[in-house]
Amino acid sequence: MLANLTALGWTFMLLSCGGVTFLTYWCFKKVLSTPHDEPDLPGGLGP
Amino acid sequence: MTNQPAQQWGSRLGVILAVAGSAVGLGNFLRFPGNAAENGGGAFMIPYFLALLFLGIPIGWAEWAMGRYGGRKGFHSAPGIMGIWCKGGAGRYLGVLGVLIPLGVYFYYVLIESWCLYYFWEYLSGGIGLDPSSAIEVQVKQTREHFAWVTGDSAHGALFADKDHVVHPMLVAFGLTVVGNIWFVYRGLSKGIEAVCKYAMPVMAVLGITILIRVLTLDAPAGTTGQTVSDGLGYLWNPNFEKLGDFKTWLAAAGQIFFSLSVGFGVIINYASYMKKKDDVVLSGLTASATNEFFEVVLGGLITVTASVVFVGVAVTAMGTGGTMSLGFKTLPMVFAQMPGGAFFGAAFFLILFLAAITSSLSMLQPTKAFLEEALGVDKRVSTLMVTAWGLIGNFLVLWFSKGGTVAGTIDFWVGTFFILVVAAVQIIAFGWIFGLERGLEEAHHGAQIRIPRVFQIIIKYVAPAYLLVVIVGFCWNNLPDPKNADGTPVLNADGSRKLGELSKIFTNGDVQIGWAIILVTIIGLVTVTTIGAKRWRAQGLDLDGQLPAKD
C-alpha cells in the first residue's frame, strides 16, 4: 500500500497543484490589473 | 428596509476575500486530504475537478448574479432574493433554508472554532502534553482522551461540570470566540468582515506556505516510522484508478467540491447583494473559487497527510482520515509531538485553522442579521442583539448536549449537508429555468471582466441540475435507509446492535431528536419572520415576486 511517489503520482500532484495555483494567480492578476470602473461588456453569452 | 444607510463593500478585492474566507474552512485542510486518500488518491482529482467544472463554478456564478440582482431590488436575504428569482412565495419560503443553513451551522461551527483557538493556545504554551518517546498506542489514547475532554464528549453537560477548573478552559475559548464574531459582525461589512478577511487570508497563506516548505523539506526519514516525505506524498497522490469505478468516489468528490465552495450555503447570495450593477461578479466568483482551491489542493493536499505519514505512519494516519475532526485534533497532535519545533508548527497550524474558521463563521451570522433587518425593519444594533441571542441559544444547546457529538452531528447532516444540496438545486433551477438562462447570463455579464464561456449555457441549464439530482439521490440512498451488507443482512455495530440510517435515528435516538427539535424551532422562527417580512415588503410596494425589471 505504501510506496514512494510514482511517476503517475507526480503527474497528478503537479497538474492539480500547478493548475489551481496558475488559475489563482491568473485571476488575481486580472482582478488587480483592471481598473475598477469599466464599461459593461455586451450582455448575453460569451464567444 | 430600515432608515440606516445601505451597507456596501469597501473594495472589490475585499468582497472576493470575504467570499473566499467564507469558503476556506476546516474542510480544506482536514476533510479534503482524507477524502482524497480514501477515494483513489491522485485518481480522485478526476471526479473532483469535473465536479468543480460542472457544479461548483456554474452554481457559484448563478448565486453571485442572483445576489447582486436581488440587492438592486432592495433585498439582501435569501428569502427576499429567492422570492424574486422564483417569482413567488414558494421560492421565498424555500429561501428560508438559505438563512437556516448559515445560522444552524453557526450553532456548532463556532464550537469547533473554539477548539482551534484552545489548541492554538495550548501549543503556544508548549503543546498538549504528549510524550513523543511513549508508544504510539499510548499517544493515540492520550490524544483521544484530551480531545474528549476539550469537547465534553463523555456526557451531556460535561463542560459545565469540570472539577479541576472553576470554568472549563474551553468555555473561556468559546466566550472569546463568540465575542470576536459578534464584534466583527456588528462593525458591518466593510469595517468588520472585510477587514478581518483582508488580513486573515494573507496570514493564512503565508503560514500555510511556511508549514508546507517545512514539511516538504523534512529529513528522510524524519520520524520514527522510517517513512519519507515521498512516502507521504505517494500515500495521498499515487492514483488508484479502480476507485473510479465506485460510485461513492464520485459522490465524495462532488460533496467535497460542493461543501468546500460554500455554494448553496446562503452566504454568497447575501454578500453579492451588496454589490452594484457595474461590479463584476463573473471574475470575482471565479477568483473566490480559485482561492479556495489553492488552499484546499495545494495546502490541504500537501501538508497534513504527508506529515502524518512521515511521523506516525500509515496505520495511524488512516485512522485519522476517516473524519475531519480525527485528522486535525487526534492525529496531528501526535505529529507535532514528534516534529522538531513541533510546538511552533502546532501553534501555527491551529492558528490557520482558527483563522479559516472565523472567516467562515463571520459569514454565517451576516445573512441572519441582514434578514432580520430587512424583514422586521430593525436597525443594526437590534439585529446584532437578536442574532447574538439566537446564536447563543443554539451554541448553548449544542455545548450542553455534547455527549458523542450527536446533536451537532444531526444539525451538520441535515442543515449543513442535505439542505445545502436542496438550496443549490433550487438556485440553479431558478437561474436556468424560472428566471431564464439568457436573462440570467445577461444579468451576470453586467460589469463582467470576463465572459462566461458559451459551453456553460448547456452546463447551467442541463448538466448542473442533472448532476445535482444524481448527487442528491446518491446521497439519500447512501445515508437515509438502514445500511445493509451485500447479502441483504443488516450492518451491525461493534456492540452487535443494528446500524441505523439517518431516517431511523430520528425515531429512535433521543439526541438526534434534540438536534431535530433545534432545527424545527429555528425553521419556525425563520418562517414567522419571513411572513412578517413579506407583509412589510408588500406594504412598502417592493417587487417581492420579481414581476418588474430591476432598477439600475
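Residues numbered from 1 in each chain as written. Chains lettered and ligands numbered in written order. Predicted model: local features only at pLDDT ≥ 70, side-chain atom pairs only at ≥ 80, totals over all residues. Heavy atoms only, no water.

**Student:** Before we move on, can you summarise the overall build of chain B with the specific residues and values?
**Tutor:** Scanning chain B from terminus to terminus reveals 22 helices and zero strands. Against the globule reference of 24 Å for 552 residues, chain B gives a C-alpha radius of gyration of 23 Å, in line with a compact fold. With respect to the principal axes defined by its C-alpha atoms, chain B has extents near 70 × 55 × 50 Å. A burial count over chain B gives 62% of its 552 residues as buried. Sequence separation of 24 or more characterises 82% of the internal contacts of chain B that already satisfy a separation of 6 or more. (Helix = DSSP H or I, 4+ residues; strand = E, 2+ residues; numbered from the N terminus. Rg over C-alpha atoms; globule rule 2.2 N^0.38 Å. Buried < 20%, exposed > 50% of the residue type's maximum accessible area, 1.4 Å probe, protein only. Contact = heavy atoms within 4.5 Å.)

**Student:** Could you give an account of the overall build of chain A, naming the residues involved and the relevant values?
**Tutor:** Looking only at helices and strands, chain A has one helix and zero strands in total. Expressed as a percentage of its 47 residues, the buried residues of chain A come to 32%.

**Student:** I'd love a proper account of the interface of chain A and chain B, names of residues and values included.
**Tutor:** Across the contact, 33 residues belong to chain A and 46 residues belong to chain B. Together, the buried faces of chain A and chain B total about 3600 Å²; carbon and sulfur atoms form 70% of this surface. Here chain A and chain B share five residue pairs in polar contact (both at pLDDT 80 or more) between them. Per-class residue counts for the side of chain A that touches chain B are 19 nonpolar, eleven polar and three charged. (Buried area = accessible area lost by both parts, 1.4 Å probe. Polar contact = N/O pair within 3.5 Å; in protein donor to acceptor, adjacent residues only side chain to side chain. Nonpolar A, V, L, I, M, F, W, Y, C, P; charged D, E, K, R; others polar.)

**Student:** Can you break down the packing of helix α6 (residues 97-124) of chain B against helix α22 (residues 510-539) of chain B residue by residue, with the values?
**Tutor:** Residue and element names in this part refer to chain B. For the pair α6 and α22, interaxial distance at closest approach is 11 Å and the crossing angle is 140°. In terms of orientation, α6 and α22 fall into the oblique class. Between α6 and α22 lies a crossing whose hand is right-handed. Along its contact with α6, which presents Val99, Leu100, Leu103 and Phe107, the element α22 presents Ile518, Ile519, Thr522, Ile523 and Leu526. Among the residues forming the contact of α6 with α22, the class breakdown is eight nonpolar, one polar and no charged. (Axes fitted to C-alpha atoms, helices over the stretch in contact; angles between N-to-C directions. Parallel < 35°, antiparallel > 145°, perpendicular 65-115°, else oblique. Left-handed = near helix turned anticlockwise from the far one by under 90°.)

**Student:** Explain a nonpolar patch on the surface to me, using residue names and the numbers behind them.
**Tutor:** Residue and element names in this part refer to chain B. Taken together, Ile429, Trp433, Ile434, Ile458 and Tyr462 make up a surface patch of nonpolar side chains, about 510 Å² in accessible area. At the level of elements, α18 (406-434) and α20 (455-479) are the ones that each hand at least two residues to the nonpolar patch. The dominant element in the nonpolar patch, judged by the number of residues it contributes, is α18, at three residues. If you trace the backbone, isoleucine 429 turns up in helix α18. Note on isoleucine 429: relative accessible area 39%, which makes it partly exposed. (Patch = residues over 30% accessible without salt bridge, like charges linked within 9 Å, V, L, I, M, F, W, Y side chains within 5 Å. Areas by Shrake-Rupley, 256 points an atom, 1.4 Å probe, with all protein chains shown as cover. Salt bridge = Lys/Arg side-chain N within 4 Å of Asp/Glu carboxyl O.)

**Student:** Which residues make up helix α13 (residues 282-302) of chain B, and what are the values?
**Tutor:** Between its terminal C-alpha atoms α13 of chain B stretches 29 Å, which fits the 30 Å expected from 21 residues at 1.5 Å a residue. For α13 of chain B, a buried count of 21 out of 21 residues is recorded, marking the element as mostly surrounded by other parts of the structure. (Expected span 1.5 Å × (residues − 1).)

**Student:** Any chance you could break down the packing of aromatic side chains for me, citing the residues and the numbers?
**Tutor:** Residue and element names in this part refer to chain B. The final tally for this structure, using the stated rule, is 39 aromatic pairs over all chains. On the basis of an interplanar angle of 80° and a centroid distance of 6.3 Å, the ring pair of phenylalanine 29 and phenylalanine 295 is categorised as edge-to-face. Pair noted here: phenylalanine 29 is in helix α2 (residues 26-38) and phenylalanine 295 is in helix α13, with a separation of 266 residues, a long-range link. Each member of the pair, phenylalanine 29 as well as phenylalanine 295, is classed as buried. Judged by centre distance (5.7 Å) and plane angle (80°), the ring pair of phenylalanine 349 and phenylalanine 350 falls under edge-to-face. Phenylalanine 350 sits in the buried class, given a relative accessible area of 0%. Among the aromatic side chains, those forming a connected cluster through ring pairs are Trp115, Tyr119, Tyr123, Phe147, Phe329, Phe336, Phe349 and Phe350. (Phe/Tyr/Trp six-rings, centres within 6.5 Å; stacked < 30°, edge-to-face > 60°.)

**Student:** Give me the confidence of the model for chain A: which residues, what numbers.
**Tutor:** The pLDDT averaged across chain A works out to 80; a share of 70% of its residues lies at or above 70. Confidence drops under pLDDT 50 across residues 38-47 of chain A; counting only partners more than four residues distant or on other chains, this segment forms 27 contacts. (pLDDT = per-residue confidence, 0-100.)

**Student:** Requested: an account of the confidence of the model for chain B, with residues and values cited.
**Tutor:** Residues and elements named next belong to chain B. Scored by pLDDT, chain B has a mean of 92; 97% of the residues are at 70 or more. Mean pLDDT values for the elements of chain B range from 83 in helix α14 (residues 304-320) up to 97 in α22. Listed scores for the predicted complex are pTM 0.92 and ipTM 0.89.

**Student:** Could you give an account of α6 of chain B, naming the residues involved and the relevant values?
**Tutor:** Residues and elements named next belong to chain B. Taking 1.5 Å as the rise per residue, α6 with 28 residues should run 40 Å; its terminal C-alpha atoms sit 39 Å apart, in good agreement. Along α6, the largest kink reaches about 40° and is centred on phenylalanine 107. Counted residue by residue, α6 has 26 buried out of 28 residues, so it is predominantly covered. Immediately downstream of α6, the backbone of glycine 126 shows phi near 120°, a positive value. (Bend = angle between axes of the 7 residues up to and from the residue.)

**Student:** Please give an account of the nonpolar core that cites residues and values.
**Tutor:** In this structure, Trp237 and Leu468 of chain B are the most contacted members of the largest nonpolar core, which totals 207 residues. Leucine 468 of chain B has contacts with Leu55, Ile59, Phe258, Leu421, Ala424, Ala425 and Ile428 of chain B, leaving out every residue within four places of it along the chain. (Core = buried A, V, L, I, M, F, W, Y, C linked by side-chain atoms within 4.5 Å.)

**Student:** Which residues make up the environment of arginine 498 of chain B, and what are the values?
**Tutor:** All names here are of chain B. In this fold, arginine 498 is placed in the loop between α20 and α21 (502-508). Classification of arginine 498 as partly exposed rests on a relative accessible area of 42%. For arginine 498, the residues in contact, after removing those within four places along its chain, are Asp482, Lys484, Pro490, Val491, Leu492 and Asn493.

**Student:** Quick one: what's the story with the pattern of salt bridges, residue by residue and with numbers?
**Tutor:** Residue and element names in this part refer to chain B. Per the counting criterion, the structure on display carries nine salt bridges over all chains. Lysine 369 is paired through a salt bridge with glutamate 373; the nearest N and O atoms lie 3.5 Å apart. A residue pair is termed a helical-turn pair when its members lie 3 or 4 positions apart in one helix, as lysine 369 and glutamate 373 do in helix α16 (residues 342-376) at four residues. Between glutamate 502 and lysine 505 there is a salt bridge; the shortest N-O distance is 3.1 Å. Placement of the pair is glutamate 502 and lysine 505 together in helix α21, with a separation of three residues, close to one helical turn. The class for lysine 505 is partly exposed, based on a relative accessible area of 26%.

**Student:** Break down the side chain of glutamine 139 of chain B for me, with residues and values.
**Tutor:** Residues and elements named next belong to chain B. As for its position among the elements, glutamine 139 is in helix α7 (residues 136-151). Look at glutamine 139 and you get buried, because its relative accessible area is 1%. Among the polar contacts made by the side chain of glutamine 139, one reaches the main-chain carbonyl oxygen of serine 134 at a distance of 3.1 Å. Beyond its immediate stretch of four places on either side in the chain, glutamine 139 contacts Leu130, Asp131, Pro132, Ser134, Met334, Ala337 and Gln338.

**Student:** So, the environment of methionine 339 of chain B: which residues are in play, and what are the values?
**Tutor:** Residues and elements named next belong to chain B. In this structure, methionine 339 sits in the loop between α15 (324-338) and α16. Counting along the chain gives 99 residues from methionine 339 to asparagine 240, while the straight-line C-alpha distance between them is 30 Å. Not counting chain neighbours up to four residues away, the residues in contact with methionine 339 comprise Val215, Ala307, Phe311 and Phe345.

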